[in-house]
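What the coordinates show
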Amino acid sequence: APKTWKEYKTPEGKKYWSDGATSVWEEPAAYKEAREKAAALIEANKKAKEEPPVVKEPEPEPNIKPLPVLDPKQKVEAFKQLLSDSDIKSTATFPEVSAKLGQHPTYTALPKGERKQALAEYKTKRAKVEKETERKRSREARAGFLRLLAEAEEISIDTPWSRADELLAATCDERYQAVSTSTERKGLFDEFVSALREKDASEKRQTTEKAREAFRKALVQLAREHPAASHEDDDAALLIGVFGRTRFSDVESAMQKKNPNLLLSPDDRRRAYQRFVDDCHETVRRRDDTKRRAFVDAALAAILRGLLPRELPFAELDTVLAARQRGGAKAVAQMSAAFAAEEGQLPSDDDDEEDNDTEVVVARVKEAMADLAACQSRLGGDCCVRAFGRAKDLAYRSFKIDRRQCRDLTR
């Protein structure tokens, strides 16, 4: 039996506790716990007697409303909503739907024929939603599988599909399982490898192009340091002047000494050199042709305006231009009877506006002739003479045109 402690006092009034077999001067824990519980119970009963009783108010009766009366269209919509809430699939048959929802009030509210028609309409709409959902799921699965391939460091361009499939299956990644068939996984793997090859080829092309550009810059710099280099600022003309007729083997050793760290292979350097030289020749040729056409146009305009005699030889052109700038039409007419101007060909010196046009046209002819003379060595032969002859030939063909219509050639 458990011990029962009781409190006692000595004749002197000192407290002690005893269970009949043992006496102690300190209050036992069991006695103290029982005493505190009793005091708490007494206090609770005292408070309960002092507080008034709580009277519960009666709960109000629920406001029960009758079910609304639906028209036929609303019944059909409610039936379709019931099918949607019950997650009826597009492949469900009418007996299956009846077995699942046959006891629902919304289901029984429609006649059987209307239920079948509403179910068919619902299944058509649900099939479209399921198809779109499946397409979205498939896109996400494909994208996730491609990301899984990109994250697999062991897979490279040369990895066969059988090895890649083993590596991916070993990861137990849900993105691997999201693609349902092995055929689809292999197709995605082929797309991934193809993209890797294209990326690798693009990076190689960019690296090669940068190396070619560095090679071209090194080639131009070598040409500038060559003793035969002129002071021309144009890289194309400079390169042609120094290396235009030189084989690559003659400059390769100099390039190696100057730039030993060129990334191009010897064959690529040879092809890049030949291509660069060809591009420079084409650039210079187009520019020289432009200058030649500019001189022909300027001389033709001057002849048609009557500022230059049509029988003028090229050897006298510079002298006539200088005379035209100094003394006008009279000075030109007095220079030589061999190319004297026909009547009405030369304008009068009294016309200030015509003199202003004369200065513009003559200055343009001199400028164009100077530009063309700078191209003489590249064009070969007497290009200025041929160009001036071309202008006179065109003037003979066009001389019947009214001179006022030819003013546009100078503008």
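**Side note on the environment of Glu 184**
- With respect to the element layout, Glu 184 can be found in helix α8 (residues 182–224).
- Sequence separation between Glu 184 and Arg 142 is 42 residues, and the spatial gap between their C-alpha atoms is 8.8 Å.
- Not counting residues up to four positions away in its chain, the partners in contact with Glu 184 are Ser 138, Arg 142 and Val 179.

**Some words on the pairing of strand β2 (residues 15–18)**
- Here strand β1 (residues 6–9) runs beside β2; their pairing, made up of four bridges, is antiparallel. Looking at the pairing, Tyr 8 lines up with Tyr 16 of β2.
- Where β1 folds back onto β2 in an antiparallel hairpin, the turn is made up of five residues, including Gly 13, whose phi is positive at roughly 95°.
- In sequence, β2 turns back onto strand β3 (residues 23–24) through a hairpin of four residues, with Gly 20 there showing a positive phi of about 95°.

**Description of the sheet that holds β1**
- If you walk across this open sheet you meet the three strands as β1-β2-β3, and the pairing is antiparallel. For this open sheet the edge positions go to β1 and β3, each flanked by a neighbour on one side alone.
- For β2 and β3, the ladder comprises two bridges, and the chain directions are antiparallel. Bridging from a neighbouring strand, Trp 17 pairs with Val 24 of β3.

**Structural notes on the packing of α8 against helix α11 (residues 266–304)**
- For the pair α8 and α11, the least separation of the axes is 10 Å and the interaxial angle reads 65°. Here the hand of the crossing between α8 and α11 comes out right-handed. Counted together, Arg 212, Phe 215, Arg 216, Leu 219 and Val 220 of α8 and Arg 269, Ala 272, Tyr 273, Arg 275, Phe 276 and Asp 279 of α11 form the full contact between these two elements.
- For the contact of α8 with α11, a count of residues per class yields six nonpolar, no polar and five charged.

Calculation notes
- Residues numbered from 1 in each chain as written.
- Predicted model: local features only at pLDDT ≥ 70, side-chain atom pairs only at ≥ 80, totals over all residues.
- Heavy atoms only, no water.
- Helix = DSSP H or I, 4+ residues; strand = E, 2+ residues; numbered from the N terminus.
- Contact = heavy atoms within 4.5 Å.
- Pairing = 2+ DSSP bridges.
- Axes fitted to C-alpha atoms, helices over the stretch in contact; angles between N-to-C directions.
- Left-handed = near helix turned anticlockwise from the far one by under 90°.
- Nonpolar A, V, L, I, M, F, W, Y, C, P; charged D, E, K, R; others polar.

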